[in-house]
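Architecture at a glance
Single-letter residue listing:
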Amino acid sequence: EINNDGRPFSEIQEPDIRVGMCLMCGDMFSVEIPIGPVLNNNPTQVRSDSTLSVTIEANLENSPDLNKQKVEICCGSYHNFVARIQKEEEDDDVFHGFILVFSPKRKASFFTMHAFADLLRKYWPSMPIMILAVTEQGASSVFFHDDLTSMLTDKAIKVADELGIEYKTTHQNFQNTAFEYNHFLMEVWNKREEINESYYYEATSPPGYDETMAQRP
């Protein structure tokens, strides 16, 4: 496979930071909604061999010399990331932050996101995490037309507050923008060294992931 400047991927250096974007199987929205702002940010690489991976370059230090950092966004299911984190699959990639995508129309989506957020916090208390609620109607209508959506959105906001993490809801033009994740990526960049030092720490009793959460409708 070749990237945008014609070089094979094997010749491209590792990203400065790597972020996992977690998606719930069965959610009824297109992956283009959460990944859209990344694809619109002049990606230097897009890979879709086994999972979707997009690499961008961004000035995360706001430096006057406009030096840019290489950021890789890797998409995958929650179950895939659970296996990678708990070393059930051989994986040397370090993830410096996570975007937890869920549908406020499904209890299974919310409970899976919540369980994974708790898992990340138990492993890495300082890991940057963002919760992203995807609603195709746009944020303005979330609280007025659907009791379930309203309830799960409120619960997700409470989870974000309790864990001290960022919460965001998609808006009508979300997938066509380019800078929705910049504030979060700056946080990831600022904490990268701390995460690098703690990432391979093995807890004596690894926290469990309750797969029954994902079975809810």
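Conventions adopted
Residues numbered from 1 in each chain as written. Predicted model: local features only at pLDDT ≥ 70, side-chain atom pairs only at ≥ 80, totals over all residues. Heavy atoms only, no water. Helix = DSSP H or I, 4+ residues; strand = E, 2+ residues; numbered from the N terminus. Buried < 20%, exposed > 50% of the residue type's maximum accessible area, 1.4 Å probe, protein only. Contact = heavy atoms within 4.5 Å. 1 Å grid on protein atoms, 1.4 Å probe; cavity = no way out; pocket = protein on both sides within 12 Å on 5 of 7 lines; lining within 4 Å. Points joined across faces, edges and corners; volume = space filled by probe spheres on them. Nonpolar A, V, L, I, M, F, W, Y, C, P; charged D, E, K, R; others polar. Axes fitted to C-alpha atoms, helices over the stretch in contact; angles between N-to-C directions. Parallel < 35°, antiparallel > 145°, perpendicular 65-115°, else oblique. Pairing = 2+ DSSP bridges.

The residue lysine 168 is located in strand S7 (residues 166-169) in this model. Overall, the relative accessible area of 18% leaves lysine 168 in the buried class. Sequence-distant contacts of lysine 168, that is, excluding residues within four places in its chain, are made with Met130, Ile131, Leu132, Ala133, Phe174 and Glu180.

Moving on, we get to the layout of surface pockets. Taken as a whole, the second largest pocket spans an internal volume of roughly 180 Å³. Together, Asn41, Asn42, Thr44, Glu57, Ala58, Asn59, Leu60, Lys68, Phe179 and Asn182 line the second largest pocket. Grouping the constituent residues of the lining of the second largest pocket by class yields 3 nonpolar, 5 polar and 2 charged.

Let's shift gears to the packing of helix H3 (residues 107-123) against helix H5 (residues 147-163). The N-to-C vectors of H3 and H5 enclose an angle of 5°; their axes lie 11 Å apart at closest approach. One way to sum up the angle between H3 and H5 is to call them roughly parallel. In this structure, H3 contributes Lys107, Phe110, Met113, His114, Ala117, Asp118 and Arg121 to the contact, and H5 contributes Leu148, Met151, Leu152, Lys155, Ala156, Val159 and Leu163. A breakdown of the residues in the contact of H3 with H5 according to their chemical character gives 9 nonpolar, 1 polar and 4 charged.

It is worth spelling out the pairing of strand S4 (residues 69-77) at this point. Consecutive residues of a regular strand have side chains that alternate between opposite faces of the sheet. Burial analysis of S4 places 9 of its 9 residues in the buried class, the great majority of the element. By the alternation rule, side chains of S4 split into Gln69, Val71, Ile73, Cys75 and Ser77 and Lys70, Glu72, Cys74 and Gly76, which are all buried. The sheet contact formed by strand S1 (residues 17-23) and S4 spans 7 bridges and is parallel. Bridged to glycine 20 within S4 is cysteine 74.

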